[in-house]
Amino acid sequence: MPCHTPRATPPAAFDDRAHSASIGTLAAAFCVGGALTLLALTNSRTARAQTVAGPADGAPLMRAPLQVVAPVDLKRYAGLWHEQARLPNRFQKQCTGAVSAEYTPLEDGSVEVRNRCILADGSFDESVGSARQVPVAGQPGAGRLEVRFAPEWLGWLPLVWGDYWILKLDRDYQVALVGTPNRKYLWVLSRVPRLDAAALQAELDYARTLGFDVDKVELTGR
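Just so it is clear, the structure is predicted and the values come from calculations on it, not from any experiment. (Residues numbered from 1 in each chain as written. Predicted model: local features only at pLDDT ≥ 70, side-chain atom pairs only at ≥ 80, totals over all residues. Heavy atoms only, no water.)

**Student:** Sorry, what's going on with unusual backbone geometry here?
**Tutor:** In most cases, non-glycine residues show a negative phi, while peptide bonds are predominantly trans. The omega torsion of the bond from alanine 70 to proline 71 falls at -5°, within 30 degrees of zero and hence cis. Positive phi, normally seen in glycine, also occurs at tyrosine 173, with a value near 55°. Within the secondary structure layout, tyrosine 173 lies in the loop between strand E6 (161-169) and strand E7 (175-179). Assessed through its relative accessible area of 8%, tyrosine 173 is described here as buried. (Helix = DSSP H or I, 4+ residues; strand = E, 2+ residues; numbered from the N terminus. Buried < 20%, exposed > 50% of the residue type's maximum accessible area, 1.4 Å probe, protein only.)

**Student:** I'm lost on the side chain of arginine 183 in this one. Help?
**Tutor:** If you trace the backbone, arginine 183 turns up in the loop between E7 and strand E8 (186-190). There is no salt bridge for the buried arginine 183, and the closest opposite charge comes from aspartate 213, which lies 11 Å off by N-O distance. At 2.6 Å, the side chain of arginine 183 forms a polar contact with the backbone oxygen of leucine 210. Leave out the neighbours within four places in its chain, and arginine 183 touches Arg63, Ala64, Leu66, Leu87, Leu210, Gly211 and Phe212. (Lys, Arg positive; Asp, Glu negative; His and termini not counted. Salt bridge = Lys/Arg side-chain N within 4 Å of Asp/Glu carboxyl O. Polar contact = N/O pair within 3.5 Å; in protein donor to acceptor, adjacent residues only side chain to side chain. Contact = heavy atoms within 4.5 Å.)

**Student:** How do you make sense of the state of the cysteines when you look at a structure like this?
**Tutor:** Each disulfide consists of a covalent bond between the sulfur atoms of two cysteine residues. Under the criterion given, the structure shown has one disulfide. The disulfide partner of cysteine 95 is cysteine 117, and the S-S distance across this bridge is 2.2 Å. Given an S-S torsion of about -75°, the disulfide between cysteine 95 and cysteine 117 has left-handed geometry. Of this pair, cysteine 95 sits in the loop between strand E1 (79-86) and strand E2 (99-105) while cysteine 117 sits in strand E3 (residues 111-118), and the two are 22 residues apart along the sequence. Like cysteine 95, the residue cysteine 117 is buried in the burial classification. (Disulfide = S-S within 2.5 Å.)

Read these as geometric descriptors, not functional statements.
This is the structure we're talking about:
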């Protein structure tokens, strides 16, 4: 019986358009999938970051602007005050003992400020400056002041004036809580050299409600 060799089937013609379309489809699917994966990872990281960076328990998301006492009679506020506590600051680093501030109203409406503190060697350091009251709309006589210790001829420069806000003051002008609107500086002042511990704590507790970092407060001369 003769051997019959089957005829080979010719290969199919290469369809360039179909091949290109398949590659394009795969590439598009890869890009879309990668984008979705990246988006999911980004959202996950953002969620974790928001969880970690959130406020501590009980901390407000936004702190309200500080309010000052109004009105404040500067003539009654004048006189000698003794510092009881303060947030650490660079210009009182050398003070290791008692600290006092004396305010004297002047004829031009400003107030002379005389700060004194005891140094480590027992001597004292004294700084003399000037304070002025800052008008507050709708609050005549508000306890918002600015203090300057730079020379008088530099008084026209805004940068030489520092905020001095009276945040709490008893009716008898015996205890005062003073701070700055950025909450970086804080002082508790009293007419007596040593304020009762409970009264001092009450001032610090109030300062905490205003957003001050009371845990960093230094007690003066105690």
